[in-house]
Amino acid sequence: MEAIKVKEDVYWVGVKDWNLTEFHGYHVSHGSTYNAYLIKDEKIALIDGVKHYLSSENIARIRSVTDFSKIDYIIVNHVELDHSGNIPELVKLAPQATIVTNSAGKMALEAHFDASDWKFQIVKTGETLSLGKRNLTFVTTPLLHWPDSMMSYCPQEKILFSNDGFGQHYCTNTIWAKEANFGIVCDEAKNYYANILFPYGAQAQKALNTANELNLEIEMIAPSHGCIWDGEKEVNWILEHYAKWASGENDGSAVVVYDTMWGATAKLAETITAVFQDAGVPVVKRCLTNAHTSEIMTDILEAKYVAIGTPTLNNELFPRVAAFVTYMKGLAPKGKKGFAFASYGWKPGVVSKIQTVMEELGWQTIAPFDEKYTPKDEVLEKLKEHTKTILD
Ligand code: FEO
């Protein structure tokens, strides 16, 4: 396991999690990586750690370019355990190293680990650490997506070490976006934003503004997951898309999400989908029996309309719909137009639980619709007319 050269004396020393399929509820199709970087200058800085169970791979790659006794700094950009899980092991190997992080990072490290004998240097936005010929400038990005989140920028190399920001859960044979399947890199960057950063659009916009204010000239974005964005086309693609996603701008499309027990809710979903189609609105219909919640969140990221339907099971939402609604509520999509619909047997009303979530999210909604048992043709006609009222 050797380090991979990123630039002269700048190395990728990360690890590959080929078999990862799930990341705290987020379904991952192409594994992931936990990227760590090492800069060898007059001082040696290691940027970020990795998940605990891949620590030996990280250590081997670091050892291929330096002895641990020579490491001066361990930069901790983020304390979530996929990046800090092996920090205690790294500190044991390099006890002389100073941990460079922000005040929230120090508090989080102390809450997770016994850090009583660790040496800390606390940094704030705009502060710089000299490594010799190179510097690292820090930009704290609180709540993008944890209070401790931070990015590190090397002006001499024009590299932004962006941690979770601009990342993708994508494990492949190269560390470079331009050498990988660029379509998958872009799709996975969108999935990542939708499932991790969706609630933090304001913080993402602030981070992009801060980068502009500090005049950061960025030629390479080295995130902590997936491929490195290197090259004008690649860097521009991800910066432009983050600006778009953070703005909450929609593309006018619709998503119809539902599950079904005996086909009644499926009929309602089909009718609603047809109304969007006939009106020329790009629409996807997702049944939760087959589609994963996290894939649907990617559909929702740029959608304008979201219709959610459920069967009634023991006077409750159908469990997969309940799980979806809970997951979606946490990711807090804004500015949508919502429509809740349901099927029931003997007690109506469960649809109000979906309606309430839509209202809590501040969505514009039309009146919810529910129907007893299998909807007849005249009911579907009524549903068609009602669905049309959501259209602009
Ligand atoms: Fe990749 Fe927030 O951890």
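In what follows, the structure referred to is the one given above.
This report concerns the structure included in the present document.

Criteria and thresholds
- Residues numbered from 1 in each chain as written.
- Predicted model: local features only at pLDDT ≥ 70, side-chain atom pairs only at ≥ 80, totals over all residues.
- Heavy atoms only, no water.
- Pairing = 2+ DSSP bridges.
- Helix = DSSP H or I, 4+ residues; strand = E, 2+ residues; numbered from the N terminus.
- Core = buried A, V, L, I, M, F, W, Y, C linked by side-chain atoms within 4.5 Å.
- Buried < 20%, exposed > 50% of the residue type's maximum accessible area, 1.4 Å probe, protein only.
- Domains from an automatic or database assignment.
- Contact = heavy atoms within 4.5 Å.
- Axes fitted to C-alpha atoms, helices over the stretch in contact; angles between N-to-C directions.
- Expected span 1.5 Å × (residues − 1).
- Polar contact = N/O pair within 3.5 Å; in protein donor to acceptor, adjacent residues only side chain to side chain.

With mixed pairing, the 6 strands of this open sheet are ordered in space as β12-β13-β14-β15-β16-β17. Of all strands in the sheet, those bounded by a partner on one side alone are β12 (128–130) and β17 (229–230). Pairing geometry for strand β16 (residues 220–223) and β17, over 2 bridges, is antiparallel. Among the inter-strand pairings, I221 is bridged to a residue of β17, identified as W229.

Turning our attention to the nonpolar core. I71, I74, W229, I308 and F324 are the most contacted members of the largest nonpolar core, which has 97 residues in total. Counting the residues that make up this core, at least three belong to each of domain 1 (4–247) and domain 2 (253–388). Those residues in contact with F324 that lie beyond four places of it in its chain are V257, L288, T293, I296, M297, I300 and I308. Grouped together as the second largest cluster of nonpolar side chains are 24 residues, V100, L129, L131 and M150 included.

In this section: the sheet that holds strand β7 (residues 37–40). With mixed pairing, 7 strands are arranged side by side in an open sheet as β1-β2-β7-β8-β9-β10-β11. The strands lining the two open edges of the sheet, one partner per strand, are β1 (4–7) and β11 (119–122). The sheet shows a mean angle of 25° between the axes of neighbouring strands, taken without regard to direction. Relative to strand β10 (residues 98–101), strand β9 (residues 73–75) runs parallel, the two being bridged by 3 bridges. When the bridges of β10 are listed, Y73 appears paired with T98.

The end-to-end C-alpha distance of helix α5 (residues 182–197), which contains 16 residues, comes to 21 Å, matching closely the 22 Å that a straight helix rising 1.5 Å per residue would cover. By the criterion of burial, α5 is predominantly enclosed, with 12 of the 16 residues buried. Where α5 is concerned, the buried positions are F182, V185, C186, E188, A189, N191, Y192, Y193, A194, N195, I196 and L197. Between a side-chain oxygen at the N-terminus of α5 and the backbone nitrogen of G183 the separation is 3.1 Å; the capping residue is N181.

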